[in-house]
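The residues making up each chain are set out below.
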Amino acid sequence: MKKTLLTSLLCVAMAVTLTAGCGSKAESKDSKKPEKKSSVETTVDVESATASQVEEFLSDSDDNTMLVDARPQEAYSGWALEGAANGGHLKDAALFSARWLDCEYSESASREAYLERALKDQDITEDKEVIVYDYTGEQAPAVAGYLKEQGIENVSVFKANELIDAGTDLESYENYDRFIPTEIVKSISDVKTGKEETLSDEAKAVVGDDVSNVVLVDVSWGNAKQSTYFSVGHVPGAVHINTDSYERPRVYVPEKRSEYAKEWRLISLEEFRDEVCTQYGITKDSTVILTGTVTDPQGRLGFMLRSLGVKVYAMSGSLTVWSYNGYDLDTKESTLVTPEPADSFGADTIQNPDEILWMDDIKAILNGEVEGQVVDNRGKAEWNGKETGYSYHDLAGRIDGSIWCAQGSEKEGEFFENVDHTPRTQSELKSYLESNGLDVSKTLAFFCGDSWGAAKIAYWCQSADLNTVKEWGNGWIPWSN
């Protein structure tokens, strides 16, 4: 995309507006002002469930009774939060986080569209007997009150701290740590900026006692002033990485008119390792935590780093959850973080070359040489060839043999994430993929125009242990050119 266009589309809010069902650079810059967070209150009377009722469900669950976890998605997936001894959710529980009811929000789709979808897709219906649980006793009443307002009458609440601490009936995702809770990032940020001297126990369990090898990153398009690094703010202590540093605009088709000649292709992993990583002080021994207002480039950069064997996390819930928890963002130009370059990355091999799929991989799938499906997550107009979807590209159409599975729509929102930008449950993601004709036992090579959205889909799905979902690092624009 041309710099003048990108600058005019500078993102000014906490979340992106979904315009074409795919995370293009244009889409990631255009958004509305977010709603302010308000406290969740419920005046609905809700009875308490007994431990024996919950244990009865856990030992012999029936189709009419269900458990609903009201805690944050991070706890549901596997992180031990709020002082709990264990992470994960009670066996067979659905997820409906209290945070969804009042987190900051700014997308074109309504908040209610997300909430209604979570109820429908997890079969939380009026005929069910629903037990809503949490750890502290503070979140379940809000969710239970909301469910009652939706016409689900048979609802009770349960404080499950003893069951969660016991850990005998818990389930979690193996890849839950693709994301890291804001509570842990806050402790790391405080120590790196000198606000605190020591890390929390939870942070020490992740990165050890020394934060010198931890690199906090704010990633988005543009330099610090062009991006949201100052205008919206960033996690204190985070260095800004411009996406152009690892997908540099180059002219691949010189005979095309100038406004369509450039492409933003990923650079080689070797160039990324030797030039970009060292520039930002990232080595093979670093722990990198990705943050920022836009979630798509977190997945994109995350897979590049994972390819090199770097331990990398994306901060859960983008800046939405950071602000929800009452943490301050840094907007002062005087505190711009300047990275200290590394002499070398410290390794010469590409440790995980299959994290990202490339052009030859896609050709092999389409030719039947490798089992898999090539999946187009662009919008419907792009899939039908009515629009290119990108102001910096002029070729419309689709790849013969590909399957359409949209990332989202303006009316319904993002299909792969919750309203607070956390991943949906494994069962929801799997059901959506299969409803589009996809076989999750095979490699699913997602792509869009630049594959920003595809990277996000792959990262989010893999965090819920759907590991066959992959990002094709190139996408429609290089393919069609």
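Residues numbered from 1 in each chain as written. Predicted model: local features only at pLDDT ≥ 70, side-chain atom pairs only at ≥ 80, totals over all residues. Heavy atoms only, no water.

### As for the confidence of the model for the chain
Any region with low pLDDT has predicted coordinates that should not be read closely. In this model, the chain carries an average pLDDT of 91, and 91% of its residues clear a pLDDT of 70 or more. Of the regions scoring below 50 in pLDDT, residues 1-21 engages in 79 contacts with residues more than four places distant in sequence or in other chains. Across residues 26-39 the pLDDT falls below 50, and counting only partners more than four positions away or on other chains, this stretch makes 49 contacts in the model. (pLDDT = per-residue confidence, 0-100. Contact = heavy atoms within 4.5 Å.)

### Considerations on the sheet that holds strand E15 (residues 356-357)
The strand order across the open sheet built from five strands is E15-E21-E20-E16-E17, with neighbouring strands paired in parallel fashion. At either end of the open sheet lies a strand with only one pairing partner, and these are E15 and strand E17 (403-404). (Pairing = 2+ DSSP bridges. Helix = DSSP H or I, 4+ residues; strand = E, 2+ residues; numbered from the N terminus.)

### What to know about the sheet that holds strand E5 (residues 129-134)
Across the sheet, which stays open at both edges, the five strands sit in the order E1-E6-E5-E2-E4 with parallel pairing between neighbours. Only two strands of the sheet have a single neighbouring strand rather than two, namely strand E1 (47-48) and strand E4 (94-95). Note: strand E2 (residues 65-69) against E4, two bridges, orientation parallel. Note on E4: the bridge partner recorded for Asp69 is Leu95. Where helix H2 (residues 51-59) meets the sheet, it contacts E2, E5 and strand E6 (155-159), and its direction lies at approximately 105 degrees from that of E2. The sheet strands contacting helix H5 (residues 140-149) are E5 and E6, and the helix crosses E5 at an angle near 155 degrees. (Axes fitted to C-alpha atoms, helices over the stretch in contact; angles between N-to-C directions.)

### A look at the environment of Leu336
Summarising the element assignment, Leu336 is placed in the loop between helix H13 (318-324) and E15. For the pair Leu336 and Trp100, spaced 236 residues apart in the sequence, the C-alpha separation amounts to 32 Å. Apart from residues no more than four positions distant in its own chain, Leu336 is found in contact with Ala224, Tyr229 and Phe230.

### Here we look at the pairing of strand E21 (residues 469-472)
By the alternation rule, side chains of E21 split into Val469 and Glu471 and Lys470 and Trp472, which are all buried. Where E15 and E21 come together, two bridges link them in parallel fashion. Bridged to Leu357 within E21 is Trp472. Pairing geometry for strand E20 (residues 443-447) and E21, over three bridges, is parallel. From the neighbouring strand, Leu444 faces E21, where its bridge partner is Val469. (Buried < 20%, exposed > 50% of the residue type's maximum accessible area, 1.4 Å probe, protein only.)

### Digging into the side chain of His240
Locating His240 in the fold gives a position in strand E10 (residues 239-242). For His240, the side chain forms a polar contact with the side chain of Asp218, separated by 3.0 Å. Within the structure, the side chain of His240 is placed 2.5 Å from the backbone oxygen of Gly222, a separation counted as a polar contact. The contact partners of His240, leaving out residues within four places of it in the chain, are Asp218, Ser220, Gly222, Asn223, Ala224, Ser227, Tyr229 and Tyr280. (Polar contact = N/O pair within 3.5 Å; in protein donor to acceptor, adjacent residues only side chain to side chain.)

### Some details on the environment of Leu433
With respect to the helices and strands, the residue Leu433 is situated in helix H16 (residues 426-435). Residue classification places Leu433 among the buried positions, given a relative accessible area of 0%. Aside from chain neighbours lying at most four places away, what touches Leu433 is Cys405, Phe416, Leu438, Val440, Leu444, Phe446, Cys461, Leu466 and Val469.

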